[in-house]
Amino acid sequence: GEDVEQSLFLSVREGDSSVINCTYTDSSSTYLYWYKQEPGAGLQLLTYIFSNMDMKQDQRLTVLLNKKDKHLSLRIADTQTGDSAIYFCSYSSQGNLIFGKGTKLSVKP
Amino acid sequence: NAGVTQTPKFQVLKTGQSMTLQCAQDMNHEYMSWYRQDPGMGLRLIHYSVGAGITDQGEVPNGYNVSRSTTEDFPLRLLSAAPSQTSVYFCASSYSGQVGPGANVLTFGAGSRLTVL
């Protein structure tokens, strides 16, 4: 079945790196996504990776994909208080996006 | 540049009451969907539509109806509200159901918080 697993909470200090992990069951998706939800708001696309890539870097963000293990991770370098949010791992299945439960990132000053 | 507009932002209902959550987008997106977000459950797909006149069920459709008479609007109806429907509801849209980078990425509304007593 369709399933995306993420740890629910992560706490880091400002300036440290954050790593949010995700495992998924359906390997047929062409793209995998990370969405960010700030308090009281809807989700916004943060970044994505094509399924035949191992890594994608976008400024402070690094996405790693291990397709064999069905493992996706998001690394945020130099984490700032503005990065505090819920991060969702997601993939497409039969035309719809399937989301994980979300990881709440708390950044302490 | 309104994007996806949801109304109302907050609503309190009594068990058994009916209501409609409105969703409108001005981006000419073909694909629209409704998700509900519950603590510890993430986002679950309720219903979706790949174009005007076409709707289909998602993961948790029971207790909800939808229609898509125009490209712009995709209302979600609760015919007889139950406390289990207390949640935050998100409408989202994209150019097509085959999501991909760029223009096919989902655009979300700000959410509608519903409480059923």
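Let me sum up the structure you'll find in this document. Starting from 1, residues in each chain are numbered consecutively following that chain's sequence as written. Lettering of chains starts at A and numbering of ligands starts at 1, both following the order in which they are written. With pLDDT at 70 or above as the cut-off, local features in this predicted model cover only qualifying residues; side-chain atom pairs require 80 or more to be listed or tallied, and sums for whole chains, interfaces and linings still use all residues. Side-chain numbers here rest on the full set of heavy atoms in the structure, without hydrogens or water.

Before going further, it helps to examine the pattern of salt bridges. One side-chain nitrogen of Lys or Arg within 4 Å of one carboxyl oxygen of Asp or Glu is enough to make a salt bridge. Throughout the structure, instances matching the rule amount to five salt bridges over all chains. Salt-bridge contacts for Lys36 of chain A lead to Glu38 of chain A; the nearest nitrogen and oxygen are separated by 3.3 Å. A salt bridge links Asp38 of chain B to Arg36 of chain B, with the shortest nitrogen-to-oxygen separation between them at 2.8 Å. Relative accessibility decides the category of a residue: with a 1.4 Å probe and only protein chains considered, values under 20% of the type maximum give buried, values over 50% give exposed, and everything between is partly exposed. In this structure Asp38 of chain B comes out as buried when scored by relative accessible area, which is 10%. Assessed through its relative accessible area of 8%, Arg36 of chain B is described here as buried. Taken together, the shared-partner salt bridges in this structure form one network comprising Arg36, Asp38 and Arg44 of chain B.

For the rest of this paragraph, the subject is the packing of aromatic side chains. In this scheme Phe, Tyr and Trp rings, the latter by its six-membered ring, pair at centre separations within 6.5 Å, and the angle between planes marks the pair as stacked below 30 degrees, edge-to-face above 60, and tilted otherwise. For the structure shown, the criterion picks out 14 aromatic pairs over all chains. Ring geometry for Tyr31 of chain A versus Phe50 of chain A: centroids 5.1 Å apart, planes at 45°, classification tilted. Taken together, the residues span a long stretch of sequence, with Tyr31 of chain A in strand β4 (residues 31-37) and Phe50 of chain A in strand β5 (residues 43-50) at a distance of 19 residues. Between the aromatic rings of Tyr35 of chain A and Phe99 of chain A, the centroid separation amounts to 5.5 Å while the plane-to-plane angle is 70°, which identifies the pairing as edge-to-face. Remark: Phe99 of chain A occurs in strand β10 (residues 96-99) and Tyr35 of chain A occurs in strand β4; sequence separation between them is 64 residues. Ring pairs connect the aromatic residues Tyr31, Tyr33, Tyr35, Tyr48, Phe50, Phe88 and Phe99 of chain A together with Tyr35, Phe90 and Phe108 of chain B, which therefore count as one cluster. Remark: a charge is flagged as sitting over a ring if the NZ atom of Lys or the CZ atom of Arg is within 6 Å of the ring centre and within 35 degrees of the ring normal. Over the ring of Tyr48 of chain A we find Lys56 of chain A, and its NZ or CZ is 3.5 Å from the ring centre. We note Arg68 of chain B situated over the ring of Phe74 of chain B; from NZ or CZ to the ring centre the distance is 6.0 Å. Here a strand is any run of E in DSSP of at least two residues, a helix any run of H or I of at least four, and the numbering for each starts at the N terminus.

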